[in-house]
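# Structural characterization, general
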Amino acid sequence: MRTIFLCLGVAVLLAAGAASAPSAHAAAGSATGVGQPGPEYATLVSTYCVTCHNDRLKTAGLSLQGLDLANVPDHARVWEQVARKLRSGEMPPSTVRNRPDPRAASALVEYLETTLDRAAVVHPNPGRTPVHRLNRAEYSNAVRDLLAVDVKPGEWLPVDDSGYGFDNIAAVLSTSPALLDRYMSAARKVARLAVGDLTMRPVEEIYDAHRDPNKGSRNEQLNDDLPFDSRAGMTVAHYFPLDAEYVFKVRFLGVQTGGEEAEIDPFQVRVPVKAGLHTIGVTSPRENLEPENEAPPGGFGPGGGRGAGAVQIPTPVDLRLSGARVQRFDVRASNPDVSKLIVGGPYNPTGRGDTPSRRAILACTPAQPAQEPACARTILTSLAHRAFRRPVTNADVQPLVAFYQKARSRGEDFESGIQAAIEAMLVSPEFLFRIEIDPAAAENAARAVNDVELASRLSFFLWSTIPDAELLAAAERNALHDPAVLEREVRRMLDDPRADALVSNFAGQWLQLRNVGTAKPDPVIFPFDEALRDAFFTETRLFVSSIFREDRGLLDLLSADYTFVNQRLAGHYGIPRVYGSQFRRVTVSDVNRRGLLGQGSVLTVTSYPNRTSVVQRGKWILENLLGTPPPPPPPDVPELKAAPHGKLLSMREQMQVHRANAVCAACHSRMDPIGFALENYDAVGRWRAEDAGAPIDASGKLPDGTAFDGPAGLRDLLLTKYRADFVRTATEKLLTYALGRGVEYYDAPAIRAIDREAARDNYRISSWILAVVKSMPFQMRRASES
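If you're wondering where the values come from, they're calculated on a predicted model, not measured in any experiment.

## Thoughts on the overall build of the protein
- Along its length, the protein carries 27 helices and 19 strands.
- Residue burial in the protein is summarised as follows: out of 786 residues, 54% are buried.
- Across the protein, the fraction of contacts at a sequence separation of at least 24, relative to all contacts at a separation of at least 6, is 71%.

## Some words on the pattern of salt bridges
- Taken as a whole, this structure holds 55 salt bridges when the rule is applied.
- Across the pair Arg103 and Asp101 runs a salt bridge, and its minimum N-O distance is 3.5 Å.
- On the basis of relative accessibility, which here comes to 68%, the residue Arg103 falls in the exposed class.
- Where Arg492 meets Glu470, a salt bridge forms, and the shortest distance between an N and an O atom there is 3.5 Å. Here Glu470 lies in helix α13 (residues 469–476) and Arg492 lies in helix α14 (residues 483–495), a separation of 22 residues in the sequence.
- The exposure class assigned to Glu470 is partly exposed, which follows from its relative accessible area of 44%.
- One salt-bridge network, in which partners are shared between bridges, spans Arg128, Glu436, Asp438, Arg447, Glu453, Arg457 and Arg781.

## A word on the environment of Pro629
- In this structure, Pro629 sits in the loop between α20 (614–624) and α21 (651–659).
- Under the relative-accessibility criterion, Pro629 is labelled partly exposed at 45%.
- For the pair formed by Pro629 and Met671, sequence separation is 42 residues and the distance between their alpha carbons is 9.4 Å.
- Here Pro629 is in contact with Leu622 and Glu623, once residues within four sequence places are set aside.

## Let's talk about the state of the cysteines
- Evaluated as defined, the whole model comprises one disulfide.
- Disulfide partner of Cys364: Cys375, at an S-S distance of 2.0 Å. In this structure the cystine formed by Cys364 and Cys375 twists about its S-S bond by roughly 115°; its chirality is therefore right-handed. Within this pair, whereas Cys364 is found in the loop between α7 (356–361) and α8 (372–388), its partner Cys375 is found in helix α8, the two being separated by eleven residues in sequence.
- A relative accessible area of 6% means that Cys375 is categorised as buried.
- Sulfur of Cys49: no disulfide; nearest cysteine sulfur belongs to Cys52 and is 8.9 Å away.

## Brief notes about unusual backbone geometry
- Look at the link from Gly345 to Pro346: it is a cis peptide, with omega at 5°.
- Within the secondary structure layout, Pro346 lies in strand β10 (residues 334–351).
- Phi is positive for Arg389, close to 65°, though the residue is something other than glycine.
- Judged by relative accessible area, which is 4%, Arg389 ranks as buried.
- One non-glycine residue, Asp551, lies in the positive phi region at around 55°.
- If you trace the backbone, Asp551 turns up in the loop between α16 (530–549) and α17 (556–559).

## Things to note about the nonpolar core
- Judged by nonpolar contacts, the single largest core of 80 residues is most densely connected at Phe461, Leu462, Phe506, Phe548, Ile621, Trp768 and Ile769.
- The leading source of residues in this core is helix α24 (residues 723–739), at eight residues.
- Apart from residues no more than four positions distant in its own chain, Ile769 is found in contact with Phe461, Leu462, Val490, Leu494, Leu502, Phe548 and Leu734.
- Grouped together as the second largest cluster of nonpolar side chains are 51 residues, Leu134, Leu157, Ala376 and Phe414 included.

## Here's the deal with helix α2 (residues 39–48)
- Along α2, the positions that sit buried rather than exposed are Tyr41, Leu44 and Val45. Seen end-on, α2 carries its buried residues on one side only, within an arc spanning 95°.
- Where the residues of α2 are buried, they touch α4 (102–122).

## Some points on the environment of Asn566
- Position of Asn566 among the secondary structure elements: in the loop between β13 (562–565) and α18 (567–573).
- For Asn566, a relative accessible area of 8% corresponds to the buried category.
- C-alpha separation for the pair Asn566 and Thr538, spaced 28 residues apart in sequence, amounts to 9.7 Å.
- Apart from residues lying up to four places away in sequence, Asn566 is in contact with Ala535, Val578, Gly580, Ser581, Gln582, Phe583 and Arg584.
- There is a polar contact of 3.0 Å between the side chain of Asn566 and the backbone nitrogen of Leu569.

## Here we look at the packing of helix α3 (residues 76–88) against α4
- Contact geometry of α3 with α4 gives a least axis separation of 9 Å together with a crossing angle of 145°. The hand of the α3/α4 crossing is left-handed. Between α3 and α4, the contacting residues are Ala76, Trp79, Glu80, Val82, Ala83, Leu86 and Arg87 on the first element and Leu108, Val109, Glu110, Leu112, Glu113 and Leu116 on the second.
- Per-class residue counts for the contact of α3 with α4 are nine nonpolar, no polar and four charged.

## Overview of the pairing of strand β8 (residues 315–321)
- With seven of seven residues buried, β8 lies mostly within the body of the structure.
- The alternating pattern of β8 places Thr315, Val317, Leu319 and Leu321 and Pro316, Asp318 and Arg320 on opposite faces, both of which are buried.
- In this sheet, strand β9 (residues 324–331) lies alongside β8 in antiparallel orientation, the contact comprising seven bridges. By the bridge assignment, Pro316 is partnered in β9 with Asp330.

## Regarding α4
- Taking 1.5 Å of rise per residue, 21 residues should cover 30 Å, and α4 covers 31 Å from first to last C-alpha, within 8% of that figure.
- For α4, the set of buried residues is Ala105, Leu108, Val109, Tyr111, Leu112, Glu113, Thr115, Leu116, Asp117, Ala119 and Ala120.
- At its buried positions, α4 is contacted by α2, α3 and α25 (748–759).
- Of the residues flanking the start of α4, the one acting as N-cap is Asp101, its side-chain oxygen 3.0 Å from the backbone nitrogen of Arg103.

Definitions and limits used
Residue indices follow the written sequence of each chain, beginning from 1 at its first position. Totals for whole chains, interfaces and linings use all residues, but because this is a predicted model, local features are given only for residues with pLDDT of at least 70 and pairs of side-chain atoms are given and counted only at 80 or more. Only heavy atoms go into the side-chain values, all of them from the structure, while hydrogens and water stay out. Numbering of helices and strands runs from the N terminus, with a helix taken as a DSSP run of H or I at least four residues long and a strand as a DSSP run of E at least two residues long. Throughout this description, buried means an accessible area under 20% of the type-specific maximum (1.4 Å probe, protein chains only), exposed means over 50%, and partly exposed covers the range between. We call two residues in contact when some of their heavy atoms are within 4.5 Å. When a carboxyl oxygen of Asp or Glu lies within 4 Å of a side-chain nitrogen of Lys or Arg, that pair is called a salt bridge. Any two cysteine sulfur atoms within 2.5 Å of one another count as a disulfide. Residues enter a nonpolar core if they are buried and are Ala, Val, Leu, Ile, Met, Phe, Trp, Tyr or Cys, with the set joined through side-chain atoms within 4.5 Å. Of all possible arcs, the one meant is that of the directions from the helix axis to the C-beta atoms. Any pair of nitrogen or oxygen atoms within 3.5 Å is treated as a polar contact; in protein, a donor-acceptor pairing is required on top of that, and neighbouring residues in sequence qualify only through side-chain atoms on both sides. Here the axes come from fitting lines to C-alpha atoms, over the contacting stretch only for helices, and the angles between their N-to-C directions go from 0 to 180 degrees. Two helices crossing with the near one rotated counterclockwise from the far one by less than a right angle form a left-handed crossing, whereas a clockwise rotation gives a right-handed crossing. Residues were grouped as follows: Ala, Val, Leu, Ile, Met, Phe, Trp, Tyr, Cys and Pro as nonpolar; Asp, Glu, Lys and Arg as charged; and all remaining residues, including Gly, as polar. Should DSSP find at least two bridges between two strands, the strands are taken to pair. Helix span, as expected, comes to 1.5 Å for every residue beyond the first.

Read these as layout, nothing more, since geometry by itself doesn't imply function.
This is the structure:
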């Protein structure tokens with residue numbers, strides 16, 4: 001194992017170097033060929049900006065005194081900040097009476113951005129991403145695509161740190177000795193599952209039904225993994241490592257005589273199973289039940305409820321494996337509820353089996369001992385090529401061959417030797433880290449990434465995994481810098497099912513959908529349960545996926561007139577004639593419910609457990625949709641005051657009292673009007689007309705005087721006046737995710753170029769993504785920090 005620890009030591013040093021990398025500096029030199037500014041620009045700055053932002057006051061830590069508008073690129077960081085504040089209308093503050101003419105301010109912004117864009121062409125600064133450790137999702141996907149074994153080993157690792165809103169940011173993906181131990185443990189387990197270890201000891205894996213999302217309760221098919229004529233129950237995906245016998249134990253909760261709920265009728269069966277990934281289902285055959293006898297939440301069968309005196313009618317329950325019935329048994333209780341499924345084994349193994357992973361790994365099979373060394377090298381060279389994401393040399397393959405030889409010298413068979421080599425491969429820095437090596441003589445120079453590096457950037461951006469054979473082959477032919485080939489590959493990758501990772505990992509974090517899983521609305525106040533939580537998440541996942549999969553426009557995220565609901569969610573929203581647990585696409589006739597702002601996921605994660613939050617909802621829109629997050633609150637922010645004399649106050653009345661504090665009013669003047677527009681939605685997204693007995697006033701007015709009313713009015717405002725801000729913010733988020741680093745001031749010209757390119761095709765998703773892929777920061781890197 002010395003080589004493994006040597007590899008891991010290198011990994012620690014690489015990660016340490018990444019964590020200590022200094023931040024980017026300003027672009028060097030002034031651009032040529034930029035026209036001189038008119039005197040009116042200098043007058044505007046001196047009249048409306050320098051009065052506060054001078055060397056004496058330095059308001060907000062910024063001084064514009066002495067800066068020459070003829071040399072804008074020399075102070076790109078400052079002028080990018082000025083342009084952004086002027087364009088958003090944040091500066092000068094709305095409280096200042098003496099404000100510049102909007103047309104003059106817009107002309108200055110146009111001059112600043114045009115000058116900076118031209119300078120970026122002459123002196124490109126693509127930034128620099130440090131050595132990048134694979135995060136948990138990328139590690140799981142890479143193992144799946146390399147070895148064809150889908151066991152999600154990333155879930156065995158500690159949760160990744162996040163930066164800039166994403167968990168794939170290189171600078172925060174640190175490495176520790178404890179993490180390296182977990183990597184070694186995961187590699188050992190993955191290698192044994194992938195090849196099939198005949199020495200594996202039996203173990204038990206417990207699936208808790210009450211923590212499993214694939215669980216249902218109605219008289220209908222739970223999901224497509226089970227037969228159409230089944231109902232309720234639960235399903236889990238389980239990887240069986242060998243052809244062997246396995247023990248299945250099912251535990252139920254049910255109502256006993258006297259009305260008490262307890263564990264009942266534990267069931268156990270031992271059956272032979274072929275190696276590989278199978279879906280295990282515990283379900284009941286569908287029966288023609290009367291409506292009043294349908295199963296209540298969590299239960300299977302009829303029986304007239306869970307109260308004392310309920311008639312206990314035996315309920316037939318099927319144990320199924322990949323859809324096929326393994327065993328039927330009767331549960332002697334009313335409305336039994338699956339509690340746990342326990343899978344134990346392997347027992348009495350008969351072989352390693354014929355699994356997709358073994359077919360992917362064993363590119364050859366030696367017929368004689370003399371053929372084994374050459375075959376082992378062939379297998380390991382092929383795997384290393386994919387795992388390391390580049391052409392490999394003998395220096396890359398020989399250490400892996402050494403692990404194979406060591407296992408064989410201990411008397412282990414050929415496949416056990418391959419297993420040992422795979423275990424070493426999975427802890428190699430070349431697999432665990434994305435490393436782009438700069439030429440020694442290229443200090444501080446911008447260079448185009450080579451095609452192999454570009455292939456990795458593409459695959460981890462669009463798929464969160466390693467390049468497939470087709471992409472890697474194109475890279476090794478140096479074909480990816482042909483624009484036609486690059487576009488063809490991007491479109492192919494977007495059509496691949498693996499592109500679902502872009503929705504789950506990018507959109508899921510940008511829109512904070514992952515927080516749905518940890519939201520805790522008070523079930524005493526609101527009709528909230530786990531079924532509704534799952535429905536919230538599924539609705540938005542399907543909705544965003546449809547925008548991406550159907551190649552719709554980016555703005556449809558806010559304006560689309562459809563969504564996805566099942567019966568539980570449709571009832572919550574007041575949408576009629578939707579039945580069953582399966583999600584289906586429906587037209588949204590209520591203009592207030594259209595787009596993301598009308599979905600329960602967004603409305604719940606921006607609320608408190610016991611009430612709505614005007615501040616949280618306003619902040620979410622400012623930060624995630626408009627890119628203008630409010631500053632952190634000052635210390636000791638006073639809480640909302642209780643109503644005097646026991647009178648209930650509406651949220652608007654409570655916030656008016658709160659804003660009476662001048663310290664609070666400055667930020668709330670921007671957040672609160674936006675949040676009030678969504679007050680008709682309660683803390684779990686139900687529509688309401690009153691709050692604390694008073695009609696809800698969902699109108700708002702921004703500091704610049706722009707008025708709007710309700711969710712529809714807010715959405716229209718985002719799609720018109722703030723359309724450019726929304727597109728720019730979405731692009732910043734996507735570029736951050738694509739690069740694995742935060743965007744800096746020197747990325748602003750590229751972001752504007754991406755937006756202009758996407759606008760030509762009405763911000764169609766594929767055009768937007770292609771513009772990011774073709775952008776200078778994605779195609780290039782700075783060789784070193786200055």
